[in-house]
Protein chains: 2
Amino acid sequence: MAIFDDFVSQYGIVKKIDAFGYLDYLKNNPDAPRKHGKVVLVTADTPLKASRGEGKTTTTIALIDALRKRGIDATAVLRQPSMGITAAGSKGGASGGGKASLTHPEIIDWGLCGEMGAIEAAQNLLVSFAEKAVDEGKLDTVLVPRVSEVPSRSLRSIAVDYGKGNVAEKMVLTPTCELMQIVVFSRSMDEISERVGKMIAGTLEGKPVTFADLTDMWRITNILTDAVKPALTETVNGSPVYVHGGPFANVSVGIPTLVSVEMACARHDVVIVEAGYGADAGAQKWLDIASREYGAQWPSAALVVTRATTWRDDPDRQWRYPFHVNRLEKLGIPTFPLINLWEGEDDQVPALRETAAELNFRSPIIGNLFRDGGDGLTDQLDDFVTALESSGVPGAQASHKGEDVVDTVRWIAANAYGVPAERVVFKPGFEESLAEARELVAGVGRDLNDFAVCAVKSPATMTDDDTAPAEERTVTLKKVEVRAGSGVVQVNLTKSLTTPMPKIV
Amino acid sequence: MAIFDDFVSQYGIVKKIDAFGYLDYLKNNPDAPRKHGKVVLVTADTPLKASRGEGKTTTTIALIDALRKRGIDATAVLRQPSMGITAAGSKGGASGGGKASLTHPEIIDWGLCGEMGAIEAAQNLLVSFAEKAVDEGKLDTVLVPRVSEVPSRSLRSIAVDYGKGNVAEKMVLTPTCELMQIVVFSRSMDEISERVGKMIAGTLEGKPVTFADLTDMWRITNILTDAVKPALTETVNGSPVYVHGGPFANVSVGIPTLVSVEMACARHDVVIVEAGYGADAGAQKWLDIASREYGAQWPSAALVVTRATTWRDDPDRQWRYPFHVNRLEKLGIPTFPLINLWEGEDDQVPALRETAAELNFRSPIIGNLFRDGGDGLTDQLDDFVTALESSGVPGAQASHKGEDVVDTVRWIAANAYGVPAERVVFKPGFEESLAEARELVAGVGRDLNDFAVCAVKSPATMTDDDTAPAEERTVTLKKVEVRAGSGVVQVNLTKSLTTPMPKIV
């Protein structure tokens, strides 16, 4: 595929790909050689703690190494880790571990090629333009938050122009911001411009004002020139891995960019897409936001990763893992359990297989992937490969566009969290918040029901109390926030973290 | 020089150079092939307005193109433009103009390879660690400011933890921060670690606490991995140009990194170093901070750029241009006037030459460099080249280390601004501020008199009132700020801008 090389540039020890250009080329040259790869979703059990990963990235890396050893042209698409969180010590990196690692985690985990820094600068520049609009009387309330890649808990609530205006503001983590969502969803720089133009900067006498009325889009797109290009790196075994787009599926969409997955599908037969934290966050968002609302490819198979301890050690939360596996199966996605063993857990394999059989799971894939890498998986993939080979590339799935936002949330609660509509309850203030959001977007001639619903919640819980008996579990809706540029309505549920600023460790 | 290539990586359309590694290699291999280039300082007249450049970058680019046309191996070292300021519309880019341009200003002006973003994240991470120290009772006052690449006037004064702690803070522009100074001065990652460790995070019961006591340095150095590497780009005529280090010689050191200049001197015969705003800011800082205190090479020649209008149109400020030229000559640096013409000014050439002759200047170099590029200069460089060829590579110059800070400021005022010691006056509060600074650094076992003095002032003025008669001009000292990591004491003079946040345009 020599054509592809025209869209690739070396950036230090990684390559960056002009995915917009390449996909555009394929569109204009329908006879150009390309593949039509299948998407495999790697998602996970709901973690017991937000800071504890089940090993999705490690699994993803081991899996493509193992598939490639079997002669299958597999690749993976990962989200760029948050350097701020890694540097703060709140979380390890996200470039796998042990034998299932990317080469050069010192680059992947530590800012890659400046993508996050560029998105941070561009989002903050929008805030500066909103401030200018306030000075010029074009705006009286700014609605777009500042961002910081580095967590700082005191920034959750700030006042700017302190001592004079005392304007209250909040600051959010860069990967969670609207501009990151726009980069994740957009398929061209023109789409980015158009979406940034639709972002609501704030209000003037209660009426929304968009950035299209306030600034020139080249200021933003110039900053994003390189940030929109996915990075191509590789595993320690030489398998190709694309990295692009921000993490944090608890408070944002948290999926890789759509173009990075589309490009990977044009170049490989199997494309593993990592979507976490748990299936209730990452998989839900890939399926219900990326696929249903933004045209991303529906998975041809899925793996749900858990640790032996996550699955078994907390009886009150044990229902979650089979729930996730069964939910994906019910959607017609062949779904395999994958248990990522830690040191000293090898003797648990027979018991884990037994439990999986009792639960009528497909053949479980079990291994210490940190220690053994892909070698620990190669021989266990027969059923997975057969299922993948016999499944097609699924077509478009039903969208919720036009449905009432609350109905869509109820549908998510029923399908992704197992809580029926009648137990989705409103916290006082929720309806007012929803009505305000409806009015705000109506003010720019749009309908909130056309927005994609993005659940904002704790990564470690699916309901108000996951330890309650199934028939008593509830989901409380707290408030909504509009992101008119990315086309998303963020709905805060249960224990939501609207401004997550992890502790410095 | 094939060895050099081992230290070069492609980063998109520019190259990045592991300057630390290359200079280390040269140190350990004294017989390796290398050059010992001469430094030429390109500086400027004091601008009439801060936002108005005289054309130093354009001149620098035209000059190396012209010198190379004459068969001289010349290069230039530029500071990285501030993307934030360019994006905000407060200033054009800084990659030259017209025929005297760098290729790809869309990269140079718009974030290069993420260097500024990385420095921003690292400096802000230090603030987060200082906050953590407050939470842990190791600190009660944070002294290190947050930074933003994008200007926002309301950030000059903020309160964090608003509604609870209401902790007053300020935010400064990324290029002006202490960490940028550390990157500019340091010759190895170890030196960066050591200097960051010496930064004063804040105080506990009035006693200073450094970052060495609060955090692991790998968190910072990992972020800076690529940011410490100078970029190599080229002019539209193919001349090599290195870009590295932050701008803003008004409020910080504002010079390129020392390693970028040292590396350029090892590879080329003539190395043009751009130092501005005016000679009172940029040249003063190259000479008195970089050369005298940090071992940077003393210039073998200089050019002082002005526009015809800057030099001639304001009679009250006309003294400044000859003052700058003569000051540099008096230091033994052969100094050439360069007048950068704008459209419609060609007919002024004879009058400009006449004035230059009256002032006993060396042969003036005059041209419309935007329009004509290096071609406008090639034939005018005989005297400059002769002077450069006959001047040697100067040795180390006298340092002011150990001298009283106020004496050093007086010496700067006399030499760089033409104001004698007796007319350097103290604003009420200055002496208290100085005493506090002395006590603060004494608290970490150091002496403020060993710090390099960095004047903080408006780029457009040299004294309290440049339009006053020479014998009445004064310089008022306002306050001092300690930067124990970079080893700098910032002294605010005259119309200083401690937190410059240009307007969004």
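This is a predicted model, so every value here is computed, not measured.

Procedures and definitions
- Residues numbered from 1 in each chain as written.
- Chains lettered and ligands numbered in written order.
- Predicted model: local features only at pLDDT ≥ 70, side-chain atom pairs only at ≥ 80, totals over all residues.
- Heavy atoms only, no water.
- Salt bridge = Lys/Arg side-chain N within 4 Å of Asp/Glu carboxyl O.
- Helix = DSSP H or I, 4+ residues; strand = E, 2+ residues; numbered from the N terminus.
- Buried < 20%, exposed > 50% of the residue type's maximum accessible area, 1.4 Å probe, protein only.
- Least-squares fit on C-alpha atoms with pLDDT ≥ 70 in both.
- Contact = heavy atoms within 4.5 Å.
- Buried area = accessible area lost by both parts, 1.4 Å probe.
- Polar contact = N/O pair within 3.5 Å; in protein donor to acceptor, adjacent residues only side chain to side chain.
- Domains from an automatic or database assignment.
- Nonpolar A, V, L, I, M, F, W, Y, C, P; charged D, E, K, R; others polar.
- Pairing = 2+ DSSP bridges.
- Axes fitted to C-alpha atoms, helices over the stretch in contact; angles between N-to-C directions.
- Phe/Tyr/Trp six-rings, centres within 6.5 Å; stacked < 30°, edge-to-face > 60°.
- Parallel < 35°, antiparallel > 145°, perpendicular 65-115°, else oblique.
- Left-handed = near helix turned anticlockwise from the far one by under 90°.

Outline the pattern of salt bridges, listing residues and values.
Scanning the entire structure with this criterion turns up 58 salt bridges over all chains. Here Arg146(A) makes a salt bridge to Glu131(A), at a shortest N to O gap of 2.7 Å. Here Glu131(A) lies in helix H6 (residues 115-135) and Arg146(A) lies in strand E8 (residues 146-148), a separation of 15 residues in the sequence. Each member of the pair, Arg146(A) as well as Glu131(A), is classed as buried. For the salt bridge of Lys457(B) with Asp280(B), the shortest nitrogen-to-oxygen distance reads 2.6 Å. Taken together, the residues Lys457(B) in the loop between strand E21 (452-456) and strand E22 (475-483) and Asp280(B) in helix H11 (residues 279-294) connect sequence positions 177 residues apart. Across the pair, exposure class does not vary: Lys457(B) and Asp280(B) are buried alike. Through salt bridges with shared partners, one network takes in Lys35(A), Arg68(A), Asp73(A) and Asp269(A).

Lay out the relation of the copies chain A and chain B with the relevant residues and their values.
When chain A is brought onto chain B, the operation consists of a screw motion whose angular component is 180° and whose axial shift is 0.0 Å, with 0.0 Å RMSD remaining. Look at the turn and shift together and you get a two-fold axis relating the two. Within chain A, Tyr11(A) has its C-alpha nearest the rotation axis, a separation of 1.9 Å.

Any details on the interface of chain A and chain B? Residues and values, ideally.
With 44 residues of chain A in contact, the opposing surface of chain B contributes 43 residues. With both chains or domains summed, chain A and chain B bury close to 3700 Å², and 60% of this area falls on carbon and sulfur atoms. The three residues of chain A that bury the most area against chain B are Trp110(A), Tyr162(A) and Ile504(A), which together make up 17% of that side's buried surface. At the junction of chain A with chain B, the criterion picks out zero salt bridges. One can count 23 residue pairs in polar contact (both at pLDDT 80 or more) joining chain A with chain B.

Quick one: what's the story with the domain arrangement of chain A, residue by residue and with numbers?
Residue and element names in this part refer to chain A. Domain boundaries in chain A define domain 1 (35-112 + 227-390), domain 2 (115-208) and domain 3 (405-493). Between domain 1 and domain 3, the C-alpha centre-to-centre distance is 26 Å. Summing the contributions of domain 1 and of domain 3, the shared interface buries around 2000 Å²; its carbon and sulfur component is 61%. Our count for the contact surface shared by domain 1 and domain 3 stands at two salt bridges. Between Asp466 and Arg320 there is a salt bridge whose closest N-O contact spans 2.6 Å. Inspection of the domain 1/domain 3 interface yields nine residue pairs in polar contact (both at pLDDT 80 or more). For the side of domain 1 that touches domain 3, the element with the highest residue contribution is helix H11 (residues 279-294), accounting for eight residues. In terms of residue class, the side of domain 1 that touches domain 3 is made up of ten nonpolar, five polar and ten charged.

Got a sec to walk through unusual backbone geometry? Specific residues and values, please.
A positive phi angle, close to 50°, is found at Asn166(A), a residue other than glycine. Mapped onto the elements, Asn166(A) comes out in the loop between strand E9 (158-160) and strand E10 (167-169). Here Asp161(B), not a glycine, exhibits a phi torsion of approximately 55°, which is positive. Counting through the fold element by element, Asp161(B) comes out in the loop between strand E9 (158-160) and strand E10 (167-169).

Outline the pairing of strand E2 (residues 14-17) of chain A, supporting the account with residue identities and numerical values.
Residue and element names in this part refer to chain A. As paired elements, strand E1 (residues 8-11) and E2 share four bridges and run antiparallel to each other. Across the sheet, Tyr11 pairs through a bridge with Val14, a residue of E2. Linking E1 to E2, which pair antiparallel, is a turn of two residues; within it Gly12 sits at a positive phi near 65°. Two strands pair when backbone bridges link them, and E2 and strand E14 (residues 231-234) are joined in this way by two bridges, in the antiparallel orientation. In the strand pairing of E14, Lys15 is matched with Leu232.

Talk me through the sheet that holds E10(A); I want residue IDs and the actual numbers.
Read across the sheet, four strands follow the order E10(A)-E9(A)-E9(B)-E10(B) without closing on themselves; strand pairing throughout is antiparallel. Looking along the sheet, the strands with just one partner apiece sit at the ends: E10 of chain A together with E10 of chain B. The average angle at which neighbouring strand axes cross in this sheet is 30°, direction not considered. Note: E9(B) against E10(B), three bridges, orientation antiparallel. Each residue of the ladder has a partner; that of Ile158(B), found in E10(B), is Glu169(B).

Can you break down the packing of aromatic side chains residue by residue, with the values?
In this structure the tally under the stated criterion is 24 aromatic pairs over all chains. Between the aromatic rings of Trp319(A) and Phe323(A), the centroid separation amounts to 5.9 Å while the plane-to-plane angle is 75°, which identifies the pairing as edge-to-face. Assigned by exposure class, Trp319(A) and Phe323(A) land together as buried. Each ring, one from Phe4(B) and one from Tyr22(B), has its centre 4.9 Å from the other, and the planes form 80°; the classification is edge-to-face. Of the two residues, Phe4(B) is situated in helix H1 (residues 2-5) and Tyr22(B) in helix H2 (residues 19-28); the sequence distance between them amounts to 18 residues. For the pair Phe4(B) and Tyr22(B), a shared accessibility class is recorded, and that class is buried.

Break down the packing of H11(A) against helix H13 (residues 320-330) of chain A for me, citing the residues and quoting the values.
All names here are of chain A. H13 packs onto H11 with a crossing angle of 15° between their chain directions and a minimal axis gap of 11 Å. As the angle between them shows, H11 and H13 are arranged roughly parallel. Along this stretch, H11 crosses H13, giving a crossing that reads as left-handed. For the pair H11 and H13, contact is made by Ala279, Asp280, Gln284, Leu287 and Asp288 and by His324, Arg327 and Leu328, respectively. Of the residues assigned to the contact of H11 with H13, the class counts are three nonpolar, two polar and three charged.

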